[in-house]
Amino acid sequence: MLPLVLFVAACAMPKNELTPLVDAARSGDAAAVRTLCAAGADPDARAGSNGWTPLLHAIHTNHPASAAALLEAGADANAPTPEDMTPLMMAAGYGRPEMVALLLRHGATAAQRDLDGAVALDYALTGITDVDDFTFFRCQNDTVALLRQASPPPQTSSIRWAHLKGCL
């Protein structure tokens, strides 16, 4: 067990602050994203308590213009979260076809697998359980259709879940 002093110190440590680039990406300010990247901001620098890239933050808050500006500035379309979810998996899980198409145009790999062996198509079929956008019970057929052409076959459990939801 941690001594009380170490436990208190660990809890009191400040969370990783958001950078101006992440703030711009999260708020949908594509012009500011372009300006900051042109001034030398790293489009792949991780920030925030979750350690996400600015692209992941833009996807999470559903700002395709910010995501496009980041990708045009050289952001890695395949840089995963610390838990191994790629930007394409996140966009697919949220059921955002515009974002999925953008990522695919910029080199996102639909065949990339997470630690559990799932691909982006699995995320689109099952949805995700994010408190900000709970898509677990939604059908995301437009997103599924976009990924079917670019993806390896999904896991059997994902297909079963989509059938249970009445999506396929």
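Just above sits the structure.
Residues numbered from 1 in each chain as written. Predicted model: local features only at pLDDT ≥ 70, side-chain atom pairs only at ≥ 80, totals over all residues. Heavy atoms only, no water.

A few words now on unusual backbone geometry. Phi is positive for N62, which is not a glycine, with a value near 60°. Within the secondary structure, N62 sits in the loop between α4 (54-60) and α5 (64-72). N62 sits in the partly exposed class, given a relative accessible area of 38%. Even without being a glycine, D84 presents a positive backbone phi close to 80°. (Helix = DSSP H or I, 4+ residues; strand = E, 2+ residues; numbered from the N terminus. Buried < 20%, exposed > 50% of the residue type's maximum accessible area, 1.4 Å probe, protein only.)

This part covers the state of the cysteines. Within the structure shown, the criterion is met by 1 disulfide. Through a disulfide, C139 is tied to C167; the S-S separation comes to 1.9 Å. Disulfide C139-C167: torsion about the S-S bond near -90°, hence left-handed. You can see C139 sitting in the loop between α8 (120-126) and α9 (141-148) and its partner C167 sitting in the segment after α10 (156-165), a full 28 residues away along the chain. Here C167 falls in the buried class, since its relative accessible area comes to 11%. (Disulfide = S-S within 2.5 Å.)

We now examine the packing of helix α6 (residues 87-94) against helix α7 (residues 97-105). Taken N-terminus to C-terminus, the directions of α6 and α7 make an angle of 160°; their axes are 8 Å apart at the nearest point. Relative to α7, α6 is oriented roughly antiparallel. You can see that α6 and α7 cross each other, and the crossing is left-handed. Of α7, the residues touching α6 (which contributes P87, L88, A91 and A92) are M99, V100, L103 and L104. (Axes fitted to C-alpha atoms, helices over the stretch in contact; angles between N-to-C directions. Parallel < 35°, antiparallel > 145°, perpendicular 65-115°, else oblique. Left-handed = near helix turned anticlockwise from the far one by under 90°. Contact = heavy atoms within 4.5 Å.)

Taken as a whole and judged by the stated rule, the model has 5 aromatic pairs. Ring centres of F134 and F136 lie 6.3 Å apart, and the angle between their planes is 65°; this geometry places the pair in the edge-to-face category. What makes F134 partly exposed here is its relative accessible area of 42%. Measuring from ring centre to ring centre gives 4.6 Å for F136 and W161, while their planes differ by 25°; the resulting arrangement is stacked. One end of the pair, F136, is in the loop between α8 and α9; the other, W161, is in helix α10, with 25 residues separating them in the sequence. (Phe/Tyr/Trp six-rings, centres within 6.5 Å; stacked < 30°, edge-to-face > 60°.)

On to the layout of surface pockets. Considered as a void within the structure, the largest pocket measures approximately 170 Å³ in volume. Around the largest pocket, the lining residues are E83, D114, L115, D116, A118, D122, Y123, T126, G127, I128, Q155 and S158. Residues belonging to the lining of the largest pocket are distributed by class as follows: 4 nonpolar, 4 polar and 4 charged. (1 Å grid on protein atoms, 1.4 Å probe; cavity = no way out; pocket = protein on both sides within 12 Å on 5 of 7 lines; lining within 4 Å. Points joined across faces, edges and corners; volume = space filled by probe spheres on them. Nonpolar A, V, L, I, M, F, W, Y, C, P; charged D, E, K, R; others polar.)

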